[in-house]
There are 2 protein chains.
Amino acid sequence: MEESLKVGIAGLGTVGSSVIRILKDKANSLTCQCGRSIKVIAVSARDKSRNRGIDLSDVKWFDSPVEMASSDEIDVFVELIGGKSDVVYAAVKKALETGHHVVTANKALLAQHGEILAVSAEKKGVFLHFEAAVAGGIPIIKAMRESLVSNRISRIYGILNGTCNYILTRMFTEGLSFKDCLEDAQRLGYAEVDPTFDIEGNDTAHKLALLTSLAFGTAVSLDDVYVEGISNISQIDIRAADELGYRIKLLGVALKTDTGIEQRVHPTMVPTSSMIAQIHGVRNALSIQSDLLGELLLSGPGAGGTATASAVIGDLADIAKARPGFQYAPVLGKPALGLAPHKKARISYHSGGYFIRLNVHDRAGVFAAVAKHMAGNNISLESIVQRPFMEGQSVKTIILITHETTEVNVQQALAEIEKDGHLVAKSQFIRIEPMV
Amino acid sequence: MEESLKVGIAGLGTVGSSVIRILKDKANSLTCQCGRSIKVIAVSARDKSRNRGIDLSDVKWFDSPVEMASSDEIDVFVELIGGKSDVVYAAVKKALETGHHVVTANKALLAQHGEILAVSAEKKGVFLHFEAAVAGGIPIIKAMRESLVSNRISRIYGILNGTCNYILTRMFTEGLSFKDCLEDAQRLGYAEVDPTFDIEGNDTAHKLALLTSLAFGTAVSLDDVYVEGISNISQIDIRAADELGYRIKLLGVALKTDTGIEQRVHPTMVPTSSMIAQIHGVRNALSIQSDLLGELLLSGPGAGGTATASAVIGDLADIAKARPGFQYAPVLGKPALGLAPHKKARISYHSGGYFIRLNVHDRAGVFAAVAKHMAGNNISLESIVQRPFMEGQSVKTIILITHETTEVNVQQALAEIEKDGHLVAKSQFIRIEPMV
């Protein structure tokens with residue numbers, strides 16, 4: 001039997017504790033599958049005295065993750081602290097430079113410093129694995145990096161944030177307001193006390209930036225992701241979408257266009273009959289479109305202690321099965337120094353269908369004015385629904401579904417309509433994502 | 001740059017030709033991702049003179065795949081001949097014994113000889129990869145073997161045969177008969193001239209046997225798969241299922257029970273709202289239920305030249321990235337010599353809900369008799385639909401949905417009903433698969 005793979009874990013929250021517990025509970029089976037045992041021999045966390053329900057008596061404690069990262073005793077540094085603080089970056093960098101493999105669940109760190117860390121890892125010939133950083137327990141990274149090597153990917157889109165999908169699912173099924181759903185999600189632990197990072201789409205953007213790099217062989221470029229959250233989605237939007245055959249999902253989408261790569265995160269209309277529309281609650285899903293496969297869809301748990309731990313241990317097992325120095329493993333699919341620069345396609349050039357909601361004064365000529373501005377900006381309409389959505393008011397709601405047009409046309413038409421003084425509230429528009 | 005990975009391909013049908021074409025078209029990108037090039041240097045097929053639209057001028061031709069398998073010039077033997085003929089088995093065995101890696105798309109070979117070939121591969125320390133053997137381009141094998149190492153799998157179920165799903169989808173959407181759909185599928189090339197292997201469930205059974213071994217760490221046991229095909233599914237079944245909130249799919253299901261492992265392939269009622277019910281046409285899908293992940297679902301193209309080639313090249317890329325002799329890679333997840341014996345759970349012990357259709361004489365007392373035999377066998381009913389499904393005949397159809405019961409109870413009740421002489425045709429029953 002080969003020597004154990006010796007692991008140091010930094011960060012002992014839900015995921016870290018789960019990894020330790022599972023590695024112990026399933027030690028025999030894992031040893032059998034990996035050809036050697038995987039042993040946690042060191043840990044580092046903020047508070048040594050906290051009771052985590054796991055036995056740490058036989059592991060070495062480090063107060064500093066950076067110190068553990070450079071320890072001779074470990075083979076793999078597992079980073080489960082999270083965030084892109086200096087100490088986290090320093091620890092991962094140090095581990096790689098010391099020649100240790102790294103497994104991390106840290107999307108923020110990689111979206112910010114992914115390339116430079118990948119260069120370090122590749123220079124040293126060690127693994128930098130991050131399956132747990134995107135969509136928890138769904139093996140998306142492995143599928144894209146290893147299984148789809150021969151595919152030319154044209155588009156990816158997915159539900160990458162469980163909190164948002166939970167809220168949108170309940171808004172649809174129970175008719176609740178965004179605010180009520182969010183409060184419930186917080187009560188149930190599906191949303192943070194400060195939910196901004198999730199509901200404003202930033203979490204999705206971080207994950208999307210990593211997937212975009214893997215999909216297109218380009219540099220990770222978080223700053224080029226266009227981001228809109230779900231906080232201004234109303235029951236009127238959800239009900240109107242349903243009537244017109246759509247569901248509203250917060251999608252992360254990346255695709256190649258003639259002008260560059262579109263990376264966008266926003267509430268999206270998807271056809272009710274599409275598979276992505278059937279992804280309910282906290283589940284995540286990713287669809288990958290490519291030349292050889294058409295469409296591949298993976299769906300499963302996007303978060304949670306055990307699901308994320310499952311991904312971390314999958315990465316550890318790959319390292320245990322390989323023998324150090326004898327595996328070619330470019331972190332982002334292609335060697336980091338060979339990633340193409342990210343060329344951003346501006347959102348104003350985005351081309352697609354749009355759902356537009358206008359709350360207007362209920363008076364003569366309003367609809368004619370709306371129609372004129374649409375036509376004047378070359379926007380042709382697929383569906384029109386006009387009705388009083390709120391009883392007894394002198395206000396009506398116009399819902400439009402456009403044929404394919406460009407974002408700049410929509411923006412221009414809406415600006416003109418606003419100037420006419422017909423609107424009683426800010427207009428709403430939601431992009432429609434076509435499905436195969 | 002490392003030396004090329006030298007590949008010999010046996011079998012130049014659609015898949016083999018696609019592999020050669022794609023490896024050539026995408027050579028630069030693959031070299032970049034794998035750290036060395038993947039070169040086809042030898043081929044073997046039946047007819048050297050046939051025009052396959054690919055340039056074979058720079059590769060060595062072997063009339064015998066067995067001879068190519070033992071050639072010193074190749075690193076990997078790719079078996080795309082198919083079937084479990086002696087020559088195919090001999091070639092794969094010879095390749096492994098010579099110390100070559102093997103990549104195969106051959107489910108029949110592996111369902112029959114998987115273990116003994118795995119033992120050979122593991123003894124020599126070479127890869128025996130078979131992603132393309134199950135569900136074409138969907139990376140199911142890699143997910144189960146590598147990503148889910150720490151999961152205890154309790155059940156898998158999936159749509160593993162595109163022909164059957166195509167037929168059932170069209171029967172549902174267009175109201176066509178099984179026979180008409182089959183003829184159309186044959187015309188369109190989705191079904192073989194002799195479609196028995198597909199429509200009677202044998203193709204699914206082969207794939208299921210491999211997945212069962214991976215899921216539960218047990219010996220491959222094709223003979224223990226209970227198999228029923230779709231040829232006796234009628235429009236009445238499909239319409240009644242729809243009314244009751246179900247779709248009919250041909251599923252392969254494997255699960256652990258108290259008495260052993262159930263492996264079964266049969267038409268199955270799945271809830272209309274389930275994800276598996278949304279898998280249409282020739283698409284495949286697999287759901288994996290496990291302790292850490294809950295449910296993971298993968299869906300995509302199950303067959304076709306380029307999708308299968310994508311899986312073959314994914315396997316080749318893994319071999320190119322690894323360095324010979326330095327990767328621990330048990331073929332079926334666990335070392336073949338350590339696989340547990342397969343303990344079969346008999347189908348008569350199967351426990352679940354049932355859809356039962358009885359065509360009976362339209363006369364007094366029939367329903368009372370049916371109800372009596374159900375009750376007498378401890379079967380309680382969830383739904384009952386009774387109506388004349390064929391106009392103007394003295395025959396009526398009774399549709400029953402049972403609560404959870406056992407197969408032996410259902411069989412006994414149906415035998416008793418038959419004995420009463422009320423049936424005008426053979427009764428139909430279809431198992432219901434619960435979904436999470």
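For clarity, every value in this text was computed on a predicted model and none was experimentally measured.

Here is what the cut-offs are and how they apply
- Residues numbered from 1 in each chain as written.
- Chains lettered and ligands numbered in written order.
- Predicted model: local features only at pLDDT ≥ 70, side-chain atom pairs only at ≥ 80, totals over all residues.
- Heavy atoms only, no water.
- Helix = DSSP H or I, 4+ residues; strand = E, 2+ residues; numbered from the N terminus.
- Rg over C-alpha atoms; globule rule 2.2 N^0.38 Å.
- Buried < 20%, exposed > 50% of the residue type's maximum accessible area, 1.4 Å probe, protein only.
- Contact = heavy atoms within 4.5 Å.
- Areas by Shrake-Rupley, 256 points an atom, 1.4 Å probe, with all protein chains shown as cover.
- Lys, Arg positive; Asp, Glu negative; His and termini not counted.
- Charge placed at Lys NZ, Arg CZ, Asp CG, Glu CD.
- Salt bridge = Lys/Arg side-chain N within 4 Å of Asp/Glu carboxyl O.
- Least-squares fit on C-alpha atoms with pLDDT ≥ 70 in both.
- Pairing = 2+ DSSP bridges.
- Axes fitted to C-alpha atoms, helices over the stretch in contact; angles between N-to-C directions.
- Domains from an automatic or database assignment.
- Buried area = accessible area lost by both parts, 1.4 Å probe.
- Polar contact = N/O pair within 3.5 Å; in protein donor to acceptor, adjacent residues only side chain to side chain.
- Nonpolar A, V, L, I, M, F, W, Y, C, P; charged D, E, K, R; others polar.
- Patch = residues over 30% accessible without salt bridge, like charges linked within 9 Å, V, L, I, M, F, W, Y side chains within 5 Å.
- Expected span 1.5 Å × (residues − 1).

1. Structural notes on the overall build of chain A
Then comes step 1: Each helix and strand counted, chain A has 14 helices and 17 strands in total.
Then comes step 2: Radius of gyration (C-alpha) of chain A: 24 Å, near the 22 Å computed for a compact globule of 436 residues.
Then comes step 3: Overall size of chain A, expressed as C-alpha extent along the three principal axes, is 80 × 45 × 35 Å.
Then comes step 4: Every one of the 436 residues in chain A was classed for burial, and the buried ones make up 61%.
Then comes step 5: Residue pairs at least 24 apart in sequence account for 75% of intrachain contacts in chain A once pairs closer than 6 positions are excluded.
Then comes step 6: With the model as given, the accessible surface of chain A reaches about 16,500 Å², and the carbon-plus-sulfur share is 50%.
Then comes step 7: Here chain A contributes 45 positive and 48 negative side-chain charges, whose respective centroids are spaced 1 Å apart.

2. A closer look at the pattern of salt bridges
Where charged atoms from two side chains of opposite charge come close, those side chains can pair.
Then comes step 1: Inspection of the entire model under this criterion finds 46 salt bridges over all chains.
Then comes step 2: Of the charged contacts in the structure, one is a salt bridge between Asp184(B) and Arg170(B), with a shortest N-O distance of 2.5 Å. With a gap of 14 residues between them, Asp184(B) in helix H8 (residues 178-187) and Arg170(B) in helix H7 (residues 162-174) connect regions that are remote in the sequence. Grouping residues by exposure puts Asp184(B) and Arg170(B) together as buried.
Then comes step 3: A salt bridge links Arg431(B) to Glu228(B), with the shortest nitrogen-to-oxygen separation between them at 3.2 Å. Of this pair, Arg431(B) sits in strand S17 (residues 428-432) while Glu228(B) sits in the loop between strand S8 (226-227) and helix H11 (235-243); the two residues are 203 residues apart in sequence, bridging distant segments of the chain.
Then comes step 4: In this structure Arg431(B) comes out as buried when scored by relative accessible area, which is 1%.
Then comes step 5: Given a relative accessible area of 22%, Glu228(B) falls into the partly exposed group.
Then comes step 6: When salt bridges with common partners are traced through the structure, they connect Lys142(A), Arg145(A), Glu146(A), Asp318(A), Lys142(B), Arg145(B), Glu146(B) and Asp318(B) into a single cluster.

3. Description of the relation of the copies chain A and chain B
Then comes step 1: Relative to chain B, chain A is turned by 180 degrees and slid 0.0 Å along the rotation axis, the superposed coordinates differing by an RMSD of 0.0 Å. Taken together, the rotation and translation describe the operation of a two-fold axis. Judged by C-alpha distance, Leu298(A) is the residue of chain A that lies nearest the rotation axis, at 2.3 Å.
Then comes step 2: In this assembly, 100% of the residues forming the interface of chain A have copies in chain B that are likewise at the interface, indicating an isologous arrangement.

4. Here's the deal with the sheet that holds strand S3 (residues 60-62) of chain A
All names here are of chain A.
Then comes step 1: The strand order across the open sheet built from six strands is S3-S2-S1-S4-S5-S6, with neighbouring strands paired in parallel fashion. Only two strands of the sheet have a single neighbouring strand rather than two, namely S3 and strand S6 (128-129).
Then comes step 2: Pairing geometry for strand S1 (residues 5-10) and strand S2 (residues 38-44), over six bridges, is parallel. Paired with Lys 6 across the strands is Lys 39, a residue of S2.
Then comes step 3: Strands S1 and S2 of the sheet are contacted by helix H1 (residues 14-25), whose axis makes an angle of about 150 degrees with S2.
Then comes step 4: Running at roughly 160 degrees to strand S4 (residues 76-79), helix H4 (residues 86-98) makes contact with S4, strand S5 (101-104) and S6 of the sheet.

5. Observations concerning the domain arrangement of chain A
All names here are of chain A.
Then comes step 1: Domain boundaries in chain A define domain 1 (5-137 + 305-333), domain 2 (142-300) and domain 3 (351-432).
Then comes step 2: Each of domain 1 and domain 2 has a C-alpha centre, and these two points are 27 Å apart.
Then comes step 3: Taken together, the contact between domain 1 and domain 2 spans 17 residues of the former and 16 residues of the latter.
Then comes step 4: Overall, the association of domain 1 and domain 2 removes approximately 1,400 Å² of surface from exposure, summing both partners, and the carbon and sulfur fraction of that is 65%.
Then comes step 5: In this structure, the connection of domain 1 to domain 2 is made through two salt bridges.
Then comes step 6: The shortest N-O distance in the salt bridge between Asp 203 and Lys 107 comes to 3.3 Å.
Then comes step 7: Between domain 1 and domain 2 we count five residue pairs in polar contact (both at pLDDT 80 or more) in total.
Then comes step 8: A per-element tally of the side of domain 1 that touches domain 2 places helix H5 (residues 107-124) first, with five residues.
Then comes step 9: Its residues assigned to classes, the side of domain 1 that touches domain 2 comprises 10 nonpolar, two polar and five charged.

6. Focus on a nonpolar patch on the surface
Then comes step 1: A contiguous nonpolar patch, built from Leu188(A), Tyr190(A) and Val282(A) and spanning about 270 Å² of accessible area, is present on the exposed surface.
Then comes step 2: Its place among the elements puts Val282(A) in the loop between strand S10 (260-271) and strand S11 (283-290).

7. What to know about helix H12 (residues 305-321) of chain A
Then comes step 1: Helix length check: H12(A), at 17 residues, gives a terminal C-alpha distance of 24 Å against a target of 24 Å (1.5 Å per residue), a fit within 8%.
Then comes step 2: Within H12(A), 16 of the 17 residues are buried, leaving the element largely enclosed by the surrounding structure.

8. Quick notes on the interface of chain A and chain B
Then comes step 1: Each partner contributes residues to the interface: chain A has 51 residues there, and chain B has 51 residues.
Then comes step 2: Of the roughly 4,600 Å² buried between chain A and chain B on both sides combined, carbon and sulfur atoms contribute 57%.
Then comes step 3: Three residues stand out in chain A for area buried against chain B, namely Gln33(A), Val149(A) and Tyr328(A), and they jointly supply 14% of the buried area on that side.
Then comes step 4: Here Glu146(B) makes a salt bridge to Lys142(A), at a shortest N to O gap of 2.6 Å.
Then comes step 5: Remark: the boundary between chain A and chain B carries 18 residue pairs in polar contact (both at pLDDT 80 or more).
Then comes step 6: At the level of secondary structure, the elements contributing two or more residues to the side of chain A that touches chain B comprise helix H2 (27-34), helix H6 (140-147), strand S12 (294-301) and H12 of chain A.
Then comes step 7: Ranked by residue count, the leading element in the side of chain A that touches chain B is H12(A), at eight residues.
Then comes step 8: As paired strands, S12(A) and strand S12 (residues 294-301) of chain B are joined by three bridges and run antiparallel to one another. The residue bridging Leu297(A) from the neighbouring strand is Ser299(B), located in S12(B).

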